[in-house]
Amino acid sequence: MIISNTGLKIEQEEYKDENELQALIFEHPELIGEEGAELVSIAREVNTSAGRIDVLTITTNGTITLVEVKLGRNGQSRREVLAQILDYISELTNYSYFKLNAATNEELGKVVDGFENNAELPRIIEDNLKNGLVRLVIVVDESNDDLRRLVEFVARHTYLRVDLIEIKKYL
């Protein structure tokens, strides 16, 4: 597809790797945000016993978002990515605020300290984690029918909040 608003051709390009797309989301969390909820990036490559969470963000009201990034050319961008992000949330339901803060090398605490309601947020975050009230976001450069179908099923038939977001790169 060619896109232009100045008469110059803008063409789609592939991301060189998943790290490039991860960095973009970390630097610009508004790309995956929701209206009325400001997302603030906490950390990338957060180590858990279930694996590394690509990007971790938070809203000012204490809602954590786990982001898993996959490129369409990665075979895991199909069903496996949904299982992967569900594994992360199942692991985090066992985390306290302090354990998550430690996993982010204290970055969570630094971000929370900057919020107006910072005194109550650790308890809110911990309650949200324990109850699985975390937003799960799968970011791909190109989605496929299988992944869309699975994400829609989980969204319709569970209380889990799973979003699938496509972010393409253009020159």
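To keep things clear, this report deals only with the structure shown in the data block. None of these values were measured; they are calculated from a predicted model.

## Considerations on the overall build of the protein
Moving on, step 1. Along the backbone of the protein there are six helices and eight strands.
Moving on, step 2. N-terminal to C-terminal, the α/β element order of the protein is β-β-α-β-β-β-α-α-α-α-β-α-β-β.
Moving on, step 3. For 171 residues, the compact-globule estimate of 2.2 N^0.38 gives 16 Å, and the protein sits close to it at 17 Å.
Moving on, step 4. Along the three orthogonal principal directions, the C-alpha set of the protein runs to about 50 × 35 × 25 Å.
Moving on, step 5. Counting over 171 residues, the protein shows a buried share of 43%.
Moving on, step 6. Considering only contacts in the protein between residues 6 or more positions apart, those separated by 24 or more positions represent 64%.
Moving on, step 7. For the protein, the exposed area adds up to about 9200 Å²; of that, 48% sits on carbon and sulfur atoms.
Moving on, step 8. The averaged location of the 31 negative side-chain charges in the protein is 4 Å from the averaged location of its 19 positive side-chain charges.

## Observations regarding the nonpolar core
Across soluble globular proteins, nonpolar side chains have a tendency to be buried as a group.
Moving on, step 1. Counting residues in hydrophobic clusters, the biggest one holds 35 residues, and the most contacted among them are Ile58, Ile64, Leu66, Leu108, Ile125 and Ile138.
Moving on, step 2. No other element matches helix 2 (residues 79-92), which puts six residues into this core.
Moving on, step 3. Once you skip the residues sitting within four places of it in the chain, isoleucine 58 turns out to touch Glu38, Leu39, Val40, Ile42, Thr63, Ile64, Leu108, Val111, Val112, Phe115 and Ile125.
Moving on, step 4. In this structure, Leu21, Val55, Val69 and Val137 belong to the second largest nonpolar core, which totals 13 residues.

## Some points on the pattern of salt bridges
Moving on, step 1. This model, assessed by the stated rule, comprises 13 salt bridges.
Moving on, step 2. Notably, a salt bridge pairs aspartate 145 with arginine 148, separated by 2.3 Å at the nearest N-O pair. Residue aspartate 145 and its partner arginine 148 are located together in helix 6 (residues 145-157), separated by three residues, close to a single helical turn.
Moving on, step 3. Assessed through its relative accessible area of 57%, aspartate 145 is described here as exposed.
Moving on, step 4. With a closest N to O distance of 3.6 Å, arginine 149 and aspartate 146 form a salt bridge. Of the two residues, arginine 149 and aspartate 146 both sit in helix 6, three residues apart, roughly one turn of that helix.
Moving on, step 5. On the accessibility criterion, arginine 149 (46% relative accessible area) is partly exposed.
Moving on, step 6. Among the charged side chains, a salt-bridge network with shared partners connects Glu34, Arg135, Arg161 and Asp163.

Parameters at a glance
- What you see as residue numbers is a count from 1 along each chain, following the sequence as written.
- A pLDDT threshold of at least 70 governs which residues receive local features in this predicted model, and a stricter bar of 80 or more applies before side-chain atom pairs are shown or counted, although totals over entire chains, interfaces and linings include all residues.
- Remark: hydrogens and water are excluded; side-chain values derive from all non-hydrogen atoms of the structure.
- Comment: elements are numbered from the N terminus, with helices defined as DSSP H or I runs of at least four residues and strands as E runs of at least two.
- Taken over C-alpha atoms, the radius of gyration is set against a globule rule of 2.2 Å times the number of residues to the power 0.38.
- Accessible area is worked out with a 1.4 Å probe on protein chains only. A residue is then buried under 20% of its type maximum, exposed over 50%, and partly exposed in between.
- Residues are treated as being in contact if the distance between any of their heavy atoms lies within 4.5 Å.
- Areas reported here follow the Shrake-Rupley algorithm with a probe of radius 1.4 Å; residue values treat only the protein chains shown as occluding.
- Only four residue types enter the tally: Lys and Arg on the positive side, Asp and Glu on the negative side; His and the chain ends are excluded.
- To locate a charge, take atom NZ for lysine, CZ for arginine, CG for aspartate or CD for glutamate.
- To qualify as a nonpolar core, a set must consist of buried Ala, Val, Leu, Ile, Met, Phe, Trp, Tyr and Cys residues joined through side-chain atoms within 4.5 Å.
- Think of a salt bridge as a Lys or Arg side-chain nitrogen and an Asp or Glu carboxyl oxygen that are within 4 Å of each other.

All quantities given are derived from atomic positions and should not be read as evidence of function.
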